[in-house]
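Summary of the model geometry
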Amino acid sequence: MAKILIVDDDPDLVESIERLLKSKKHEVIAAYDGDAGLEKVRSEKPDAIILDVMMPGKDGYAVCKELKSDPDCSSIPVLLLTAVVSHIPTTAYSMRDGMEIEAEDYIDKPVEPDELVNRVEELLA
Amino acid sequence: MCILVVDDEKIIREGAECILVKEGWQTGTAENGREGLNLIATGSYQLLLLDLMMPGISGMEVLKNVRQSYPDVIVIVITGYATIENAVEAMKNGAYDFIAKPFTPDQLRIVVRRAFEKRDLMLETEALRRERRQRMQDFVNLVSHELRSPLNSIQQQLFNLLKGLAGEITSDQHMILERVQGRLSGLTGMIKNLLDVSRFETEPFLQNKEPVCLKEIVQEAVEICQDDAREKNITIMNKVSAKAAAVEADRQGLVSVFANLVSNAVKYNRAGGTVHVRSRSRGAHVEITVADNGIGIAPDHLERIFDRFFRIRTDETRHVIGSGLGLSLVKSIIKGHNGGIAVESVPGTGTDVTVRLPKSIQQLSLRAYSNCH
Ligand SMILES: Nc1ncnc2c1ncn2[C@@H]1O[C@H](COP(=O)(O)OP(=O)(O)OP(=O)(O)O)[C@@H](O)[C@H]1O
Ligand SMILES: [Mg+2]
């Protein structure tokens, strides 16, 4: 069992991922924008973070950059939720951007449940 | 507006300057090409009056250099009457106009004024183009976020229902939810295609072109379609030669082309069917054919399948999800690569779609080969 933080501006999406992870007996906390996410990371010290890339205000890339440059948080693994904008092309972009900002992993929305659970397990391992 | 006069003859420099200043234009002068280029590099000049016959760097060289490095600067060349061929060559190299020595004040004024008018038009066109691109970008952002987010959210919640995370569901309910899911991913696919269509129509490709290895591109495309193929027990074979000539292409654009073609070959195929992708060299071109032994296309539909949103509606295709955008996207990408596309089909037997692309120049293709593995 691990404590996992979800940061996404879409409450329905947060709810569905929360439900999934709770079914795997994880403790789940949520934040609905970048700044609140950063705050939660610092106050709750989660074991892993699931971070949406496209959010109004501070987006996922900015949040991730900030986390990775903070020695207190940089070791917490981050899984980026990317949304492929156009056909195959952006998958490569998402990956490149994801790698550039040192996220541990990235996955396209919508996320297939088993896949998400696997990725989270890998992050925690 | 600032005009630079580059001429080795003092009398021309001063004469021109005198005329131009009287018209209210600002001027600067240089007596050779080197000095002229240095002044242009400061970015303060919009128009260059350039003598072609100078000692040191020739006017023609200055012209080529300016056209390449400062495309916004308009160049008017000054030539002697005896060397009118030079003027013609200069125009070929991107000079906007020429004026022959000796010239009258009026001639100079007219030529310069015309050049400025043309520059204004050019800038206006560029601004409009940029605005259009921006609007398209805004639209793309809007669509991708405002439309995709709720769709993602719906799909995510469906996943949970299907997984039984909100309680057991009956097999009937399961079937219905799966159908909903199918339609939703069709919708997502359509949005992706729509965005690609607008992207490839507004953005010129030239920026992203690089030599690419076709076998690799096709492999990427095949992998994208593999899940759908497996579901229908369809075998896809990438028989593109590893030695197929490299082409100069927007990599992601080409993957999109073949992903769409292979996807069609799978979607409009029967269970247990096959899809073969092969290459062939044809003079200065490479041809890639995606061949299937599926349902085929009736002759009277052949012409229309590249139209946006056109889909054939028969009993065999009714259950296939799609938006009719795939082939129109394919066509505009191929057009952006100076290529062509042809379809041959026998209803009930199968379809061959052949894409023809110009080969990249030799040394580039060598580089792509070594990157191929
Ligand atoms: N290989 C093929 N065999 C038989 N019919 C085809 C084949 N490829 C295309 N078609 C026909 O041409 C139509 C247009 O194809 P296109 O790829 O543009 O759209 P789509 O496949 O319907 O939707 P989309 O590609 O946007 O998901 C299809 O609906 C289908 O009827
Ligand atoms: Mg299609």
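In short, a report on the structure. (Residues numbered from 1 in each chain as written. Chains lettered and ligands numbered in written order. Predicted model: local features only at pLDDT ≥ 70, side-chain atom pairs only at ≥ 80, totals over all residues. Heavy atoms only, no water.)

Some points on the site of ligand 1
All names here are of chain B. In the neighbourhood of ligand 1, 20 residues make up the surrounding shell, with Asn264, Asp292, Arg311, Ser323 and Leu327 lying closest. Contacts to ligand 1 include leucine 327, whose backbone N or O atom sits 2.8 Å from an oxygen atom. Protein burial of ligand 1: of its 600 Å² of free accessible surface, 95% is covered by the chains. Of all the secondary structure elements, the ones that give two or more residues to the shell around ligand 1 are helix H8 (251-267) and helix H10 (326-336). (Near = heavy atom within 4 Å. Polar contact = N/O pair within 3.5 Å; in protein donor to acceptor, adjacent residues only side chain to side chain. Areas by Shrake-Rupley, 256 points an atom, 1.4 Å probe, with all protein chains shown as cover. Helix = DSSP H or I, 4+ residues; strand = E, 2+ residues; numbered from the N terminus.)

What to know about the sheet that holds strand E7 (residues 235-239) of chain B
All names here are of chain B. Strand order in this open sheet of five strands is E7-E9-E10-E12-E11, and the pairing throughout is mixed. Edge strands, defined here as strands with exactly one partner in the open sheet, are E7 and strand E11 (340-346). Between one strand axis and the next, the sheet turns through 15° on average, direction left out of account. Sheet strands in contact with helix H7 (residues 214-231) are E7, strand E9 (274-282), strand E10 (285-292) and strand E12 (350-358), and its direction is about 175° off that of E7. Its contacts with the sheet place H8 against E7, E9, E10 and E12, and it is angled at close to 25° to E10. (Pairing = 2+ DSSP bridges. Axes fitted to C-alpha atoms, helices over the stretch in contact; angles between N-to-C directions. Contact = heavy atoms within 4.5 Å.)

Some thoughts on unusual backbone geometry
Of the consecutive residues lysine 109 of chain A and proline 110 of chain A, the connecting peptide bond is found in the cis state with omega at -10°. Tracing the chain through its elements places proline 110 of chain A in the loop between strand E5 (105-108) and helix H5 (113-124). The peptide bond linking lysine 101 of chain B to proline 102 of chain B adopts the cis configuration, its omega dihedral lying at -10°. For proline 102 of chain B, the location among the structural elements is in the loop between strand E5 (97-101) and helix H5 (105-163). For lysine 25 of chain A, which is not a glycine, the phi torsion comes out positive at approximately 70°. When you line up the elements, lysine 25 of chain A lands in the loop between helix H1 (11-23) and strand E2 (27-31). Under the relative-accessibility criterion, lysine 25 of chain A is labelled exposed at 60%. (Buried < 20%, exposed > 50% of the residue type's maximum accessible area, 1.4 Å probe, protein only.)

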